[in-house]
Amino acid sequence: MPTIFVSANDTCVGKTWVTATLARMLASRGFEVQVIKAVETGVSDGESGDAAFVLKSLSNDETLSGRVVCRTLMHFTEPLAPVEAALRDGAELCFDALVDSVKALPQVEWRIIEGAGGLGVPLESGKAPRDWADFAEAVAADYAVLVIEDRLGAIHQARMLAHYATARSLNAGWWLNQVSPDVPASVRATNEKTLRELAFPLWGIQEFEKTLPSKVSAAWLS
Ligand SMILES: Nc1ncnc2c1ncn2[C@@H]1O[C@H](COP(=O)(O)OP(=O)(O)OP(=O)(O)O)[C@@H](O)[C@H]1O
Ligand SMILES: C[C@H](N)[C@H](N)CCCCCC(=O)O
Ligand SMILES: [Mg+2]
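The structure displayed is predicted, hence computed values, not measured ones.

### Considerations on the pairing of strand 6 (residues 172-177)
Walk down a regular strand and you will see the side chains alternate between the two sheet faces. The buried count for strand 6 comes to six of six residues, which makes it a mostly enclosed element. Covered by surrounding structure in strand 6 are A172, W174 and L176 together with G173, W175 and N177, the residues of both alternating faces. Pairing of strand 5 (residues 143-149) with strand 6, which is carried by six bridges, proceeds in the parallel orientation. Bridging across to strand 6, V147 finds its partner in W175. The β-α-β motif built from strand 5, the intervening helix 7 (residues 154-167) and the parallel element strand 6 has right-handed crossover chirality. Pairing analysis gives four bridges linking strand 6 to strand 7 (residues 202-206), with the strands arranged parallel. Across the sheet, the residue bridging to N177 is Q206, located in strand 7. In this fold, the crossover linking strand 6 to strand 7 by way of helix 8 (residues 185-197) has right-handed handedness.

### Remarks on the site of ligand 2
Around ligand 2, the structure places T11, T41, P79, L80, A81, G117 and V121. Separating a nitrogen atom of ligand 2 from a side-chain N or O atom of T11 is a distance of 3.4 Å. Residue T41 places a side-chain N or O atom 3.2 Å away from a nitrogen atom belonging to ligand 2. Relative to its unbound accessible surface of 390 Å², ligand 2 loses 62% to contact with the protein. In a pocket analysis with a 2 Å cut-off to the grid points, ligand 2 is assigned to the largest pocket. Split by residue class, the shell around ligand 2 holds four nonpolar, three polar and no charged.

Rules behind the numbers
- Residues numbered from 1 in each chain as written.
- Chains lettered and ligands numbered in written order.
- Predicted model: local features only at pLDDT ≥ 70, side-chain atom pairs only at ≥ 80, totals over all residues.
- Heavy atoms only, no water.
- Buried < 20%, exposed > 50% of the residue type's maximum accessible area, 1.4 Å probe, protein only.
- Helix = DSSP H or I, 4+ residues; strand = E, 2+ residues; numbered from the N terminus.
- Pairing = 2+ DSSP bridges.
- Right-handed = clockwise from strand over helix to strand, strands pointing away.
- Near = heavy atom within 4 Å.
- Polar contact = N/O pair within 3.5 Å; in protein donor to acceptor, adjacent residues only side chain to side chain.
- Areas by Shrake-Rupley, 256 points an atom, 1.4 Å probe, with all protein chains shown as cover.
- 1 Å grid on protein atoms, 1.4 Å probe; cavity = no way out; pocket = protein on both sides within 12 Å on 5 of 7 lines; lining within 4 Å.
- Sits in = over half its atoms within 2 Å of the grid points.
- Nonpolar A, V, L, I, M, F, W, Y, C, P; charged D, E, K, R; others polar.

In structure tokens, the structure reads:
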């Protein structure tokens, strides 16, 4: 079963938005898709989170939404990094238990897993904690989509994250996502031009409020 891990250079850069896009693209080709928010912070019991956002964003098309199942594996109340949010709920985030809960999920045609925050966010305490890059490897993710907010500053963010993803041997590519309507066209054009020249794939480009990417160059998505 192909598995996509959706990560990013930061929180609030559009991982959930892009997760919904990927689910929409795959479901529109007739695939059964499982969307998993692995750990979510900043949500209380009963409050809707990223998984609910994905389902809602597909809800105007019953055929598509009928092919997509969304769920959250662990959630914690405070809007903090996962380990600390868990502690403040009187819980402990256990990396191995999280991975096991992914492995216990029903098999589907495509699985998409969204992390919390950026790729280097720790999932345990300690001097050299395992993080989302370790998680992607542990769940045997085939593709790591690295969402980068398309704005001035994106080039540095993208290069730093690519360096880390490469060091961790992930099969990764960038997804430039425009979160704000106020990004000058010149910034967006030169972000794309600069990133395309580099030896790291730019898998997708998505514009503000668009539910599908304007450009896709990931062969595995076509
Ligand atoms: N392409 C886009 N067009 C319009 N709004 C967007 C776009 N991408 C993201 N947003 C908005 O930006 C905000 C942050 O996006 P999102 O929730 O997807 O970030 P995230 O990376 O998943 O954050 P978290 O780390 O909390 O999971 C949300 O309000 C979302 O609706
Ligand atoms: C609450 C927020 N939206 C995210 N779920 C948590 C982001 C944690 C980021 C931690 C960090 O990188 O410093
Ligand atoms: Mg999210």
